[in-house]
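# Observations on chain architecture
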Amino acid sequence: MAEKVKIIIDDKEYEVEKGKTVLQAALENGIDIPYFCYHPKLSIAGACRMCVVYWENINRLVISCNTPVQDGMVIRTHHTSEQVKENQKYLLQALMTRHPLDCPICDKAGECDLQNFGAIYGPQRQVVPISALEKEREEHSWESDFLEYYSNRCVVCYRCTRACDEIVGAHALYVESRGFESNIIPTVRPMDTSTCEMCGICVYVCPVGAIISKPFKYWSRSWLLQKELTRCNLCPVGCEIQIEFGVGDWRSKRKVYRTKPTEELNICAKAFFGYDALNVDRLLKPYAHGREESPGNLVNLLSSVLGVHERETAFILSGYIPNEIIDSVLTIAKATNSYITAPQTADFFKIAQAFGDYHPPTIEEVQNADFYAFVGEDITSTATVLTYYTKGKVYRVGKALRDEKFEPEEIELEDIEKLQGTGVIVVGTTAFGGEEARKLGEKLKTLADKGHKVLLLPKDGNVYGIYQRIKDIYSDIDAVVQAVLEGRINTLVIFGEDITEYYDPETVEQMAEKLEHLIVASPYDFGLSVRATMKVPMALMGESNGTFTTLFGEVKGRKFLPWAFDDISFWNNLADAFRDKEGEVKVLRGNTYPPKKPQVHIYRNSWITSRSENLTKLYEKNKLVSEYKV
C-alpha cells in the first residue's frame with residue numbers, strides 16, 4: 001500500500017499519496033488550480049507558472065505542478081491568498097498583452113484555457129499600454145494542409161512537443177529560440193510528409209488556439225456541437241474517443257465535424273482526420289431490388305430467402321461489425337446449414353490456429369515488457385496507438401518505414417530466443433498467409449513457451465471477436481469464393497467490404513454475376529452495395545451500441561449519431577426467425593488463398609479509411625515515401 005502524508009490546503013486537511021505533487025493532490029480533491037503546461041499524461045515542464053500557490057511553511061510562492069507533497073505542509077491557493085491571486089492576474093496580463101485578441105475567428109474560442117482563465121482569474125481590463133500587434137512574433141509556416149500554427153497565440157507551454165516526443169514518439173516538433181521569440185517548429189518540412197503521424201494530439205493538448213486542425217477551421221463553434229464518447233473500431237486497439245456532431249438544427253448541419261481523444265491521449269490519424277468517412281454517401285435505409293423497404297419487411301423477405309432448403313448460402317463477416325451481429329449471424333448460419341467465413345481466415349486465423357489456444361496479451365502486459373520484437377507489417381501503421389505503449393528496446397524482423405521512429409535493431413526471428421528478459425512479439429498478420437502463416441504460428445508458439453508474449457495484430461477492429469466465435473466452424477475464404485464462382489453457392493451475405501482488399505474487382509464482379517442473391521451490409525451507398533439485390537445499412541463508430549473485442553478487452557460503443565440505423569436489432573430480429581430451427585454450420589476448406597494481401601498504410605488501412613477525403617489526401621502525399629524499405 002502506498003505511503004500517505006497529511007497536508008493542509010486552504011485550511012482543510014487531506015491525506016495524499018506520497019510522491020504526488022501539490023497540483024495533483026489539489027485536483028484529486030476537487031480544488032481548482034489553473035494551469036497551462038501541466039497534463040496528467042505528460043512529464044512536468046513547469047513552464048507556465050500559472051499553477052502558483054503559497055507554501056506557508058517556507059513563506060514563499062511555488063509552482064504546484066513541480067512541488068512534491070510533504071507531510072505537514074500548509075498550502076494556500078487563490079481561494080484563500082490574495083498574493084496568489086495577484087500573481088495569477090499578473091501572469092495572465094503578461095500573456096494577454098502579447099496575445100492577439102482574435103477570439104471571434106479562432107477555432108479554440110469557447111474551449112480556450114487562456115480565454116476561460118482570463119474571465120475567471122485575470123484582469124478584466126488592459127493595464128499595459130502595449131498591444132499584441134506591437135509585439136508580434138515571427139510566423140513560421142508548417143507547410144501543412146492539415147495543421148496550422150499561429151505563433152502569436154502560443155503560450156509556450158511545451159505540451160505539443162512533449163506529447164509528440166513522450167506519447168507518440170514521432171519527434172516531429174521542437175522549440176526554436178527562447179523567451180518571447182520561442183516558436184514551435186517542425187523538424188522536417190513539409191509537415192505532412194515528415195515523421196509527424198497526424199494523430200492530432202498536438203491540436204488537442206494545445207491550451208489555446210496556437211495549433212489548429214485545418215479541415216475543421218471555420219466550420220463551426222465548439223458550443224454549437226453535441227459531444228459524446230464512444231469507441232473507435234478502426235483497428236484492434238479500441239481507443240475511447242470523442243465525436244462532435246451537428247443534428248441538423250439552426251446550429252449546425254447534420255454531420256460529424258471532428259473527433260478528439262480523451263485525456264488518455266489515445267488517438268491516431270485514422271480517427272482524428274478520418275471522421276469525414278462518417279459523412280460520405282451513407283446507406284441509411286434498407287433496400288430490396290432497388291426499392292426502399294422497411295426493416296420489418298426486409299427481415300421477412302430475408303428470412304424467406306435464407307430459409308429455402310435447396311439454397312446454398314455463405315456469410316462473409318467483416319472485421320468492423322460488433323460481436324452482437326456475429327452472434328446473430330451464427331444463429332442464422334446454423335439454422336440454414338450455411339457456410340461462415342471472413343477474409344481474415346487467410347492470414348490471422350492460420351497463424352492463430354497453428355499457435356494453438358491463442359489469447360492476446362493485455363495493454364498492461366505490453367507496457368511492462370522488457371523488449372519488443374516487431375514482425376511483419378509496419379506496426380505503427382497497423383495500430384498506431386499500440387506504439388504509444390511501446391516504451392522500451394525495439395527489435396525488428398525486416399524493415400518498415402514508420403517503425404523507424406523506434407530506431408529498431410534489425411534481427412532474424414530465430415534471434416528472439418537469444419534475447420534477455422521477457423518480450424512482446426508483435427506480429428502484423430496481414431503480411432502472412434498460407435503455409436508461411438502456419439509455420440510462423442508454430443514458431444511463435446515455441447517462443448511463447450519460453451515466456452515471451454505474442455501479440456497477433458490484425459489491422460481490422462474486431463477480428464478477435466470473429467476468431468473467438470467461429471474458429472472451430474469457419475470455412476476458408478478462398479474456398480467459399482471458388483464455390484461461388486463455380487455456382488455451388490448461390491446466395492451470399494457479405495458484411496462490409498473487407499473482401500475487396502483480398503480480391504481484384506474483376507473477381508468480385510464475377511461473383512456477383514454468378515449469384516442468385518447478393519445481400520450486402522454496408523455503411524455506404526456506393527461500392528459493393530451497388531451490385532446487391534438486397535442491402536442493409538451497417539453502423540460505424542458513434543452509430544452502434546455493439547461490443548468489440550480489443551486490446552483494451554471487451555469494449556462497448558455508443559449509439560448517438562442522429563441518422564444511425566439500428567443494425568444490431570435488424571440482425572437480431574432476423575435471427576429470431578431461425579432460433580427454433582435445428583442445423584449446423586457447414587465447413588468448406590481448401591489449400592488455395594486470395595491473390596492479394598491487404599495494404600497497410602498509416603493513413604489508409606481499410607475500405608473505411610479509403611472513404612475519407614482527409615486521409616486520402618494524406619495517403620496520396622505520402623505514397624512515395626511510405627513504401628517499405630526491403
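Above this text sits the structure in question.
What you see is a predicted model; the values in this text were computed from it and never measured. (Residues numbered from 1 in each chain as written. Predicted model: local features only at pLDDT ≥ 70, side-chain atom pairs only at ≥ 80, totals over all residues. Heavy atoms only, no water.)

This part covers the side chain of Ser381. Relative to the helices and strands, Ser381 resides in helix H11 (residues 379-382). A polar contact is formed between the side chain of Ser381 and the backbone nitrogen of Ile602, at a distance of 3.3 Å. The contact partners of Ser381, leaving out residues within four places of it in the chain, are Lys270, Arg402, Val600, His601 and Ile602. (Helix = DSSP H or I, 4+ residues; strand = E, 2+ residues; numbered from the N terminus. Polar contact = N/O pair within 3.5 Å; in protein donor to acceptor, adjacent residues only side chain to side chain. Contact = heavy atoms within 4.5 Å.)

Attention now moves to helix H12 (residues 434-449). When the terminal C-alpha atoms of H12 are compared, their 23 Å separation across 16 residues agrees well with the 22 Å that a helix rising 1.5 Å per residue should span. Here H12 has its buried residues at Gly434, Ala437, Leu440, Gly441, Lys443, Leu444 and Leu447. Residues of H12 that are buried sit in contact with helix H9 (348-355), strand S20 (423-428) and strand S21 (453-457). A positive phi of about 110° marks Gly451, the residue just after H12. (Expected span 1.5 Å × (residues − 1). Buried < 20%, exposed > 50% of the residue type's maximum accessible area, 1.4 Å probe, protein only.)

Within the element layout of this structure, His171 appears in the loop between helix H4 (159-168) and strand S7 (173-176). Between the C-alpha atom of His171 and that of Thr161, which follows or precedes it by 10 residues, the distance is 7.5 Å. With sequence-adjacent residues up to four places away left out, His171 is seen in contact with Cys164, Asp165, Thr187 and Thr195.

With that out of the way, let us pick up the sheet that holds strand S16 (residues 339-341). If you trace the seven strands from one edge of the open sheet to the other, you get S14-S13-S24-S23-S22-S15-S16, paired in mixed fashion. Here the strands that pair on one side only, and so sit at the sheet edges, are strand S14 (291-292) and S16. Where strand S13 (residues 287-288) and strand S24 (residues 534-537) come together, two bridges link them in antiparallel fashion. Bridge pairing in S24 links Ala288 to Met534. (Pairing = 2+ DSSP bridges.)

Quick look at the pairing of S21 now. In terms of burial, S21 is a largely internal element, four of the five residues being buried. Pairing analysis gives five bridges linking S20 to S21, with the strands arranged parallel. Counted as the bridge partner of Gly428 is Leu457 from S21. Regarding the hand of the β-α-β motif, the stretch spanning S20, H12 and S21 is right-handed. (Right-handed = clockwise from strand over helix to strand, strands pointing away.)

What follows is about the packing of aromatic side chains. The geometry of an aromatic ring pair comes down to the distance between the two centres and the angle between the two planes. The tally for this structure, following the rule as stated, stands at 23 aromatic pairs. A centroid spacing of 5.6 Å and a plane angle of 80° characterise the contact between Phe348 and Tyr467, whose relative ring orientation is edge-to-face. Taken together, the residues Phe348 in helix H9 and Tyr467 in helix H13 (residues 463-470) connect sequence positions 119 residues apart. A relative accessible area of 0% means that Phe348 is categorised as buried. Judged by relative accessible area, which is 5%, Tyr467 ranks as buried. Cluster of aromatic residues (ring-pair linked, three or more members): Phe348, Phe349, Phe355, Tyr358, Tyr464, Tyr467 and Tyr474. The ring of Phe216 has Arg258 sitting right over it, with the charged end atom 4.2 Å from the ring centre. Across the ring face of Tyr395, the terminal group of Lys393 is positioned such that the distance to the ring centre comes to 5.3 Å. (Phe/Tyr/Trp six-rings, centres within 6.5 Å; stacked < 30°, edge-to-face > 60°. Lys NZ or Arg CZ within 6 Å of the ring centre and 35° of its normal.)

This next bit is on the pattern of salt bridges. Following the criterion strictly, the structure yields 42 salt bridges and no others. Put simply, Glu244 and Arg258 hold a salt bridge, and the shortest N to O gap is 2.6 Å. In this pair, Glu244 is assigned in strand S11 (residues 240-245) and Arg258 in strand S12 (residues 256-261), connecting sequence segments 14 residues apart. Through salt bridges with shared partners, one network takes in Glu111, Glu244, Arg258 and Lys260. (Salt bridge = Lys/Arg side-chain N within 4 Å of Asp/Glu carboxyl O.)

Let us now look at unusual backbone geometry. Between Arg189 and Pro190 the backbone carries a cis peptide bond, its omega angle lying at 0°. Tracing the chain through its elements places Pro190 in the loop between strand S8 (183-186) and helix H5 (201-205). Backbone geometry at Tyr158 places phi at a positive 65°, although glycine is not the residue there. Position of Tyr158 relative to the elements: it lies in the loop between strand S6 (147-149) and H4. We classify Tyr158 as partly exposed; its relative accessible area is 28%.

Sheet architecture is open: three strands sit in the order S10-S11-S12, paired in antiparallel fashion. This sheet does not close on itself; its edge strands, each paired only once, are strand S10 (226-231) and S12. Across the sheet, the mean angle separating the axes of adjacent strands is 30° when strand polarity is ignored. (Axes fitted to C-alpha atoms, helices over the stretch in contact; angles between N-to-C directions.)

For Val424, the position within the fold is in strand S20. A sequence separation of 59 residues divides Val424 from Glu365, and the C-alpha atoms of the two residues are 8.3 Å apart. Beyond its immediate sequence surroundings of up to four residues, Val424 is in contact with Glu365, Val366, Ala369, Phe371, Tyr372, Ala373, Lys453 and Leu455.

Remember that the coordinates give geometry; whether it matters functionally is a separate question.
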